[in-house]
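This is what each chain is made of:
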Amino acid sequence: MLKPEDFCLVAAVNDDGILSQCLARSPDVASGRIRLDAIRGASSMSQAYNDALDRCDAQIVLFAHQDVYLPAGWLDRAIEALSKLAASHPGWAVAGPYGVMADGRHVGRVWDATMCRELGDAGFAPTLVGSLDELLLILRRVSGVRFDSMLLDFHLYGTDIVQMALAQGHGAYAVELPVVHNNRPVGTLRSGYARAYAHARRKWRAQLPIWTSICALSRWPFALWRAQWRRRRVSQRPDALLADARELARHAGYE
Ligand SMILES: [Mn+2]
């Protein structure tokens, strides 16, 4: 059985206001039950996350966005769910509350502030996925799986680490551990995202197509173009959060 000391939480932070209104306000973090390692000035997410992995010795390392809120009781639920996962799927290496299966179907349960609704449904068993949403990645240190430090930018590292875990013979699972993603609209999938997409397409060319929560990685980037087109009217990302994280958690019934 896991214990609270077996967990460490890592976040790359570029807005301390958002951190304090979301992730740092999560009851398990505010009480100090989960240690938080906040990284500032990261040059790429995979580099920042690997550095954080080296700085702690926790068995279970949680990598979360600064705009994620862990509802009250989350750590106890995680201890139970991940202990069960280790019993039923001993080869698990990566997990998360929201993912996409190899056939493109989504599985998980999170409240999404931008969509103003819950994504996914309650009551699913741990499900093998080919990609996990980067809002929260749960890594099991004993697997030896790490982020690819060659990966630039701040995109597609969730899909990449899942594919690496699978390639190394481990499992990656969506588990029912709902959180609030107090996100703001993403204005563009050009520049940084398009660069990461091109890299991932080359790296995983033997596995394509790979479905992600944004669009499919495929030999021809039609899915990327479609996703870019759908976002053509999304204006600049707003500076302020759309909602109060704790109110969303209560509204969702998560606490
Ligand atoms: Mn986010």
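Because the structure is predicted, anything quoted here is derived from the model rather than measured.

Visitor: Which parts of the structure should I look at to understand unusual backbone geometry?
Guide: Leaving glycine out, the prevailing phi sign among residues is negative, and the prevailing peptide bond configuration is trans. In the segment running from leucine 208 into proline 209, the intervening peptide bond is cis, with an omega of 0°. The residue proline 209 is located in the loop between α6 (192-203) and β14 (210-211) in this model. One non-glycine residue, aspartate 153, lies in the positive phi region at around 65°. By relative accessible area, which is 16% here, aspartate 153 ends up buried. The backbone phi angle of leucine 156 is positive, close to 65°, even though this residue is not glycine. The residue leucine 156 is located in the loop between β11 (136-140) and α5 (157-167) in this model.

Visitor: When you look at the packing of aromatic side chains in this model, what are you seeing that I'm missing?
Guide: The final tally for this structure, using the stated rule, is six aromatic pairs. Relative to tyrosine 157, the ring of tyrosine 49 has its centre 5.6 Å away and its plane inclined at 90°; by these criteria the two rings are edge-to-face. Residue tyrosine 49 is located in helix α3 (residues 45-55), and its partner tyrosine 157 is located in helix α5; the two are separated by 108 residues in the primary sequence. Looking at tyrosine 49, the relative accessible area reads 0%, which means it is buried. An angle of 80° between the planes, with centres 5.3 Å apart, marks the rings of phenylalanine 222 and tryptophan 225 as edge-to-face. Taken together, the residues phenylalanine 222 and tryptophan 225, both in helix α7 (residues 222-230) and three residues apart, mark about one turn of the helix.

Visitor: Would you explain the nonpolar core in this entry?
Guide: Of all hydrophobic cores here, the largest spans 32 residues; its most connected members are Phe7, Leu62, Leu70, Trp74, Leu82, Leu136 and Ile138. Where this core is concerned, the elements lending two or more residues are β1 (7-13), β3 (60-64), α4 (74-88), β5 (92-96) and β11. A total of six residues in this core trace back to one element, the largest contributor, which is α4. Setting aside chain neighbours within four positions, we find isoleucine 138 in contact with Ile60, Val61, Leu62, Trp74, Leu82, Trp92, Ala93, Val94, Ala95, Gly96 and Leu177. Core analysis: the second largest hydrophobic core is formed by 31 residues, Ile39, Cys56, Val61 and Leu132 among them.

Cut-off values and rules
Residues numbered from 1 in each chain as written. Predicted model: local features only at pLDDT ≥ 70, side-chain atom pairs only at ≥ 80, totals over all residues. Heavy atoms only, no water. Helix = DSSP H or I, 4+ residues; strand = E, 2+ residues; numbered from the N terminus. Buried < 20%, exposed > 50% of the residue type's maximum accessible area, 1.4 Å probe, protein only. Phe/Tyr/Trp six-rings, centres within 6.5 Å; stacked < 30°, edge-to-face > 60°. Core = buried A, V, L, I, M, F, W, Y, C linked by side-chain atoms within 4.5 Å. Contact = heavy atoms within 4.5 Å.

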